[in-house]
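Fold and contact review
So you can see what is in the structure, the chains are spelled out below.
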2 protein chains.
Amino acid sequence: MVGSPNRDRKAERREATRREILAAAWEVAHETGLISVTLREIATRIGMRPPSLYSHFASKNAIFDAMFAQAWDEFHAVLEKAIPAFPADPRGRLLAGASTYFDFAVGDLARHQLMDMPMLPDFTPSAEAFQSSLQCYGLMRSLMDEIGIQRQADLDLYTALVGGLVNQQLANDPGGDRWRALLPRTVTLLADDLGLPPSPT
Amino acid sequence: MVGSPNRDRKAERREATRREILAAAWEVAHETGLISVTLREIATRIGMRPPSLYSHFASKNAIFDAMFAQAWDEFHAVLEKAIPAFPADPRGRLLAGASTYFDFAVGDLARHQLMDMPMLPDFTPSAEAFQSSLQCYGLMRSLMDEIGIQRQADLDLYTALVGGLVNQQLANDPGGDRWRALLPRTVTLLADDLGLPPSPT
DNA sequence: GTCTATACACCGATAGAC
DNA sequence: GTCTATCGGTGTATAGAC
């Protein structure tokens, strides 16, 4: 009976409801902040009663967990899709990678807080959800590896500097480009320090 | 009657209670996180009932407001006290300033979140409290001015890079020094970019 | 100024009918 | 799978006695 049309339809419907719940949760997070997400509000938005959510998620934190994985998977997809269009030279690739991350992070404050900040007191990503972030980090590291950057300290510095620009942009000039404009300069600083060959003119 | 001993004692006692409340609030913030600070918990720690706090603060946010000002005033004092011991050369001063800020920020996560992150959904610092942060920023800017750094973009870059190291340190290696160790290198990058003269050997 | 008592609005989660 | 009803708990804030 496995794989029968009946079974597929049921599973599809179930998955659709799950997606609907998560979409509503993101909606609330965008409008009122991550910590203000409540089961009541999620349920209301999709025309359900709060207890019904428990048929699809074991707890509120399970919803956050799914959102966490979703966010990292999304960035993984964005990065993978963007890489083929990256320039060939190391400096160009470094800037393209930084820009891709910057724009993704700045594009959604709630998502960035969930992915990169410990904002929810009682939430810790499950091992499965954490896998999504590790997979993403692996892709980033392979990209850096091509450029010739392997040392942990160099990777740490790279993530800190780009992340610093992201945070200032979100905290002090949301929607603007005051720190976004400093990204090329920052990447050049780093490229010089790492001794990357000059870009082809 | 103004300034009579009786009056002074009363005002002193009142101020002491205020300080006690704030100290308890910080204690809770350190142990359970900023968002988990509740009037109940504050009151319990100082042997009071929650409603009694309203004799000293108009609301919970008024407590956060006082904490916000307190934190910035504290950093102002720390910075002012540290400056006389700073090296004379520009590069040395730049690193000393960055180190002072880094150590202060990393030394207290809750304080850093209150000062530099928008973590509390319904809290916005009052104009008076914000003055404390502006005064502190003014001191920092005058320090940078001596070194010859005046352009807004340069100041923005400086704060973003140092802040990026702070955030990574707190998020990924609390208590350690993985990003702390990258501070001199980062400041050197920046000093080179700004064309600061080499340090005296 | 501090207390007791309480109002009021939330929250996450569970039990059990349908 | 969704519902109603409800439990047990959280929180801020106010009223009024002392």
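Conventions we followed
- Residues numbered from 1 in each chain as written.
- Chains lettered and ligands numbered in written order.
- Predicted model: local features only at pLDDT ≥ 70, side-chain atom pairs only at ≥ 80, totals over all residues.
- Heavy atoms only, no water.
- Helix = DSSP H or I, 4+ residues; strand = E, 2+ residues; numbered from the N terminus.
- Expected span 1.5 Å × (residues − 1).
- Buried < 20%, exposed > 50% of the residue type's maximum accessible area, 1.4 Å probe, protein only.
- Arc of directions from axis to C-beta.
- Near = heavy atom within 4 Å.
- Polar contact = N/O pair within 3.5 Å; in protein donor to acceptor, adjacent residues only side chain to side chain.
- Salt bridge = Lys/Arg side-chain N within 4 Å of Asp/Glu carboxyl O.
- Core = buried A, V, L, I, M, F, W, Y, C linked by side-chain atoms within 4.5 Å.
- Contact = heavy atoms within 4.5 Å.
- Domains from an automatic or database assignment.
- Buried area = accessible area lost by both parts, 1.4 Å probe.
- Axes fitted to C-alpha atoms, helices over the stretch in contact; angles between N-to-C directions.
- Left-handed = near helix turned anticlockwise from the far one by under 90°.
- Nonpolar A, V, L, I, M, F, W, Y, C, P; charged D, E, K, R; others polar.
- Least-squares fit on C-alpha atoms with pLDDT ≥ 70 in both.
- Phe/Tyr/Trp six-rings, centres within 6.5 Å; stacked < 30°, edge-to-face > 60°.
- Lys NZ or Arg CZ within 6 Å of the ring centre and 35° of its normal.

1. As for helix H6 (residues 127–147) of chain B
Residue and element names in this part refer to chain B. Spanning 21 residues, H6 covers 30 Å between terminal C-alpha atoms, matching the ideal 30 Å at 1.5 Å per step. Within H6, burial applies to Ala129, Ser132, Ser133, Cys136, Leu139, Met140, Leu143, Met144 and Ile147. Each buried residue of H6 lies within a common arc of 140 degrees when the element is viewed along its axis, so the set occupies one face. Turned more than 90 degrees away from the buried face of H6 sit Ala127, Glu128, Gln135 and Glu146, all of them exposed.

2. Regarding the protein's contact with DNA strand C
Not every one of the 16 residues close to DNA strand C is listed here, only the nearest: Arg40(A), Tyr54(A), Ser52(B), Ser55(B) and His56(B). Counting only the atoms of DNA strand C within 4 Å of the protein, the fraction contributed by sugar and phosphate is 69%. In the model, a phosphate oxygen of DNA strand C is placed 3.1 Å from a nitrogen or oxygen of the Leu39(A) main chain. In the environment of DNA strand C, a phosphate oxygen lies 2.8 Å from a nitrogen or oxygen atom belonging to the side chain of Lys60(A).

3. Some thoughts on the pattern of salt bridges
Under the criterion given, the structure shown has 22 salt bridges over all chains. Two residues, Asp193(A) and Arg185(B), come together in a salt bridge whose shortest N-O distance is 2.8 Å. Of this pair, Asp193(A) sits in helix H8 (residues 183–194) while Arg185(B) sits in helix H8 (residues 183–194), on two different chains. Judged by relative accessible area, Asp193(A) falls into the partly exposed class, the value being 34%. What makes Arg185(B) partly exposed here is its relative accessible area of 23%. Residues joined in a network through salt bridges with shared partners are Glu27(A), Glu31(A), Glu41(A) and Arg45(A).

4. Thoughts on the nonpolar core
One finds Leu94(A), Ile42(B), Ile63(B) and Leu94(B) to be the most contacted residues of the largest nonpolar core, which totals 89 residues. Looking at which element gives the most residues to this core, the answer is helix H3 (residues 60–82) of chain B, with ten residues. In contact with Leu94(A), other than residues within four places in its own chain, are Met144(A), Ile147(A), Ile149(A), Tyr158(A), Val187(A), Ala191(A) and Leu196(A).

5. Section: the domain arrangement of chain A
All names here are of chain A. Its domain assignment divides chain A into domain 1 (1–57) and domain 2 (60–194). Domain 1 and domain 2 are separated by 28 Å when their C-alpha centres are compared. Contact with domain 1, which involves 14 residues of that partner, is made by 15 residues of domain 2. Per-residue buried area on domain 1 facing domain 2 is highest for Leu22, Trp26 and Leu34; these three make up 48% of the total on that side.

6. Notes on the packing of H8(A) against helix H7 (residues 152–172) of chain B
Taken N-terminus to C-terminus, the directions of H8(A) and H7(B) make an angle of 60 degrees; their axes are 11 Å apart at the nearest point. Where H8(A) crosses over H7(B), the handedness of that crossing is right-handed. Residues Arg185(A), Thr186(A) and Leu189(A) of H8(A) form the contact with H7(B), whose own contacting residues are Ala153(B), Asp154(B), Leu157(B) and Leu161(B). Here the contact of H8(A) with H7(B) is composed, by residue class, of four nonpolar, one polar and two charged.

7. A look at the relation of the copies chain A and chain B
With an RMSD of 0.1 Å, the fit of chain A onto chain B corresponds to turning through 180 degrees and sliding 0.0 Å along the axis. Such a turn and shift between the copies fits a two-fold axis. Closest approach to the rotation axis among the C-alpha atoms of chain A is made by Gly164(A), whose C-alpha sits 1.7 Å away.

8. Some remarks on H7(B)
Residues spaced three or four apart along an α-helix face the same direction, because each turn holds 3.6 residues. For H7(B), spanning 21 residues, the distance from its first C-alpha to its last is 30 Å, which sits close to the expected 30 Å at 1.5 Å a residue. Counting buried positions along H7(B) yields 16 of 21 residues, so the element is predominantly enclosed.

9. Quick look at the packing of aromatic side chains
A full pass over the atoms with the stated rule returns eight aromatic pairs over all chains. A centroid spacing of 6.1 Å and a plane angle of 55 degrees characterise the contact between Phe64(A) and Phe123(A), whose relative ring orientation is tilted. In this pair, Phe64(A) sits in helix H3 (residues 60–82) while Phe123(A) sits in the loop between helix H5 (109–116) and helix H6 (127–147), placing the two residues 59 residues apart along the sequence. Here Phe64(A) matches Phe123(A) in class, with each residue buried. On the basis of an interplanar angle of 40 degrees and a centroid distance of 4.9 Å, the ring pair of Phe75(B) and Phe104(B) is categorised as tilted. In this pair, Phe75(B) sits in helix H3 while Phe104(B) sits in helix H4 (residues 90–106), placing the two residues 29 residues apart along the sequence. Here Phe75(B) matches Phe104(B) in class, with each residue buried. Taken together, the ring pairs in this structure connect Phe64(A), Phe68(A) and Phe123(A) into an aromatic cluster. Its end group placed over the ring of Phe104(B), Arg111(B) keeps NZ or CZ at 3.5 Å from the ring centre.

10. Here we look at the protein's contact with DNA strand D
Around DNA strand D lies a shell of 16 residues, among which Arg14(A), Ser52(A), His56(A), Arg40(B) and Tyr54(B) are the nearest. Backbone atoms, meaning sugar and phosphate, make up 70% of the atoms of DNA strand D lying within 4 Å of the protein. In the environment of DNA strand D, a phosphate oxygen lies 2.6 Å from a nitrogen or oxygen atom belonging to the side chain of Arg14(A). A distance of 2.9 Å separates a phosphate oxygen of DNA strand D from a polar atom in the backbone of Arg49(A). Looking at the surface near DNA strand D residue by residue, the class counts come to six nonpolar, six polar and four charged.

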